Each structure stands twice: as structure tokens, then as C-alpha cells.
Amino acid sequence: MITRRTFIQKTSVTAASIPFIPKLIPQFDSIAQSASGEVLRVVLMGLGSYANRVAKAMETCTRAKLVGVISGTPSKIEEWKKQYNLPEKNCYTYENYSEIESNDDIDAVYIITPNSLHCEQTLKVAQAGKHVICEKPMAINAKEARQMVDACKMAGVQLLIGYRMHFEPKTLEAIHLRSSGQLGTPLFFQGLSGFRIGDPKQWRLNKKLAGGGAMMDIGIYSINGARYMLGEEPIWVTAQETKTDPIKFKEGVDETIQFQMGFASGAVASCLSTYSMNDLDRFYLNGTNGFVEMKPSTGYGPIQGRSHLGSLTAAVVTHQTVQMDAMAGIILQNETPLVPVDGNEGLKDMIIIDAVYEAVKTNKKILLPELNAI
Ligand code: NAD
């Protein structure tokens, strides 16, 4: 059984060095309680590279368990059945997965397919009465995201978005520095999110499947990060696009977008989203009295960071293990995460992405009046 104490010991960080962690990550306190209680039984849909990472990480979850799969490739289903000891009755295809409705051994479906499939698949899973965990970006625009939020509400199921950083200890430590006033008034955020994309034939470079380009895939981390690091919603966006390779990055697939966001407090964010540069993974938040920097800031880790007070010291974890245990707590025990991961949180990012694309197209400042009302 993993208690908070053994968890901290395992990660070689003393409780004294992270006195605020138990408060920041309430789900760590309840790991021990839930080990003997309910476990979230999860089916993964789409057995690609990220699903493999999630499945591996779930092997050490104490509150969530992989119980089945949905895939279009029979050979993958056979491999996964063997590797994860999955019963045949919990394995489905894209043609028959509505049948999960009558399977009482499944609580939730985690959708890890190309972006443009998320909306339709979420609607089908919700209709089958199962909770939905959906990868980011939750959809390819705000219209679809709203449809997903409404459908899950109507069906009485939860919709959570795979925002793993919302449970990552150093991220929460950085947020705590800001929320406890140690940075003074936060005034500037810089988010750099990018990597150099390879194979030009992959779905990430296909507008129909990806819904866009780097902004949908990696730029979303800077959008989401600006919001949780500053603790505020933006009220306007401006953006400029640069394309150096129009053959690889076709119409509607953005290569590099630089964008700015303004906040009611007077804070500003300056961000870069790109598919053309490696080692671009850095968050920097500056206030009137200090700063906090994370580099890497959203990669698989280990996340590292420092502030004007010294290095960030919170535990190193496997992001997806902590995420899935925390999501089990949210779905089964109504726990509230410090930074939300619900459908509305994903919808806000989609509204901002729509605005970024609109700003690129019109070269105008796009106002975001509705974010605070969601
Ligand atoms: P991938 O290409 O490795 O896997 C996608 C899977 O979807 C494949 O198994 C593929 O067979 C399946 N699929 C089903 N229908 C398909 C269709 N019509 N066309 C193409 N593939 C189809 O991609 P991935 O890297 O696993 O990404 C999947 C999702 O996960 C994306 O939405 C991505 O943004 C997200 N993701 C999130 C993180 C994170 O850290 N949260 C990391 C990577 C990917």
C-alpha cells in the first residue's frame, strides 16, 4: 500500500522540504484510503504511442485500473490482452464499442485518438453511460467542445481532459509560489512550447485529423499553462504566424505561431508554439517581487524549476500514474483538483485556440469576453 509517507520516501524528497505538498495535492492523502476501496475501471480507446505510455503508467496506479481496450487493429487487441491480462469481453472495436453500455465492469473510457475524432467518440461513450476521459486538445474547435460538455451533462457522466500537468508536483509548487503571494503581483508569463516534427505523412500534419497544426498539439500547453500559472483567464489575444515550409505544413496546419494574451489584472503572456524547433519547453512567470521558471515545463519530465528563492523541490512522479489516480478520485469520490480538468477547462482552451486562429487570419486583437462566465 502506498501511503503519502512511502510515496515521499520513494521519491527521495523529505516532507520537510515540501511542507505544502499535502495541501496542494489532496489526492495523495487519500491514496491509502482508496487502496481498499473503489477503483476506477478504465478502457483505453486508440492504442497508439500515448496510450502505451498511459497503460504502462497505470500499472502502478492504486485507484485506477486498465480493464479493456477499443481498437481497430485486431492484432493490437490480442497483444494488449496478453500484456495487460484483459478479458475478451472488455475488448471492443470502433464498430461495436456502443455495446459497453451493457458492460458493468467498465466505468470510464479514455479517448487517445487523433484530435478530430474526440468529439464524436465522446458523444458515443457518453450515450453509452460511461465517464469520459479525453486527451487534449479535447476537440478541434469550441463548437465541438461545447457539444461534448453538453452531451456528458445530459448523459449524467463526467468529462475530464487529459491535463496531466494539473497534478504534477513541481507545477503545483510553482502555482503555490504565485498564489501565496511570494512573487508579488504576477505581471508577465512566457510560454515556449515546441518540438521538431518528423514524418510529413503523420496525422498530426493532416488538417482533417489534427484540426490544425502545432497550436492544437503543443501550443495548447502554453495557453493552458498561462492560465494556471497566472491563475486568471485572458481577456484578449493577438497572434502572428510564420511558415518556413509550406509543403510540409499545408493550408490550415500551422508551423509556428507567436501569440500574446492580456489579462484583466494587467498581466500579459507572450507565447510561442512551433513544430520546427526542439528543446522549446519553458515556462517563466514574473511578478513584482520574484519569478519562477520551469524547464522542462510540460514534457514527460523530470520537470525542473527554480524561483528567486531557489530550486523547486517537489517530488518527481510519473505524470500519468498520478493523473489517473487523481482522476479516479474526481470521478468516484467527487474530489476537487487544485486546477480543474473538467470539460469546461478544455472548452476554455478551445475558445482561446479559435481566437488565436482568428487573430492570425484577421491580424486583429480578439476579445474573449465569455471565459470568466464558463
Ligand atoms: P498515435 O498516432 O501514436 O496514436 C493514435 C491512435 O489512434 C493509433 O493507435 C491509431 O491507430 C488510432 N486511430 C484510430 N482511428 C484513427 C484514424 N482515423 N486515423 C489515424 N489513427 C487512428 O498518436 P498519439 O501520440 O498517441 O496521440 C493521440 C492523442 O493523444 C492526441 O489527441 C494527442 O494530442 C494526445 N496526446 C497527449 C499527450 C499528453 O501528454 N497528454 C501526449 C501525446 C499525445
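Residues numbered from 1 in each chain as written. Predicted model: local features only at pLDDT ≥ 70, side-chain atom pairs only at ≥ 80, totals over all residues. Heavy atoms only, no water.

Trainee: Can you break down the domain arrangement of the chain residue by residue, with the values?
Mentor: The domains assigned to the chain are domain 1 (33–161) and domain 2 (185–288 + 343–373). For domain 1 and domain 2, the distance between their C-alpha centroids amounts to 27 Å. In this assembly, 16 residues from domain 1 lie in contact with 17 residues from domain 2. The contact between domain 1 and domain 2 buries some 1,300 Å² in all, and 65% of this surface belongs to carbon and sulfur atoms. In this assembly, domain 1 and domain 2 are joined by one salt bridge. Residue Lys136 pairs with Asp217 through a salt bridge whose shortest N-O separation is 3.4 Å. In this structure, the connection of domain 1 to domain 2 is made through seven residue pairs in polar contact (both at pLDDT 80 or more). Elements that contribute at least two residues to the side of domain 1 that touches domain 2 include exactly α8 (142–155) and β6 (159–161). Take the side of domain 1 that touches domain 2: its biggest share by element is four residues, from α8. By residue class, the composition of the side of domain 1 that touches domain 2 is eleven nonpolar, three polar and two charged. (Domains from an automatic or database assignment. Contact = heavy atoms within 4.5 Å. Buried area = accessible area lost by both parts, 1.4 Å probe. Salt bridge = Lys/Arg side-chain N within 4 Å of Asp/Glu carboxyl O. Polar contact = N/O pair within 3.5 Å; in protein donor to acceptor, adjacent residues only side chain to side chain. Helix = DSSP H or I, 4+ residues; strand = E, 2+ residues; numbered from the N terminus. Nonpolar A, V, L, I, M, F, W, Y, C, P; charged D, E, K, R; others polar.)

Trainee: Any chance you could break down unusual backbone geometry for me, citing the residues and the numbers?
Mentor: Note that the residue after Lys136, namely Pro137, is joined by a cis bond; omega there is -15°. With respect to the helices and strands, the residue Pro137 is situated in the loop between β5 (131–134) and α8. Following Gly301, the chain continues to Pro302 via a peptide bond in cis, the omega torsion being 5°. When you line up the elements, Pro302 lands in the loop between β12 (291–294) and β13 (305–307). One non-glycine residue, Asn334, adopts positive backbone phi at about 60°. Within the fold, Asn334 resides in the loop between α12 (319–333) and α13 (343–362). Phi angles above zero are rare outside glycine, and Asn363 is one such case at about 60°. Within the secondary structure, Asn363 is located in the loop between α13 and β15 (366–367). Overall, Asn363 belongs to the exposed group, its relative accessible area being 65%. (Buried < 20%, exposed > 50% of the residue type's maximum accessible area, 1.4 Å probe, protein only.)

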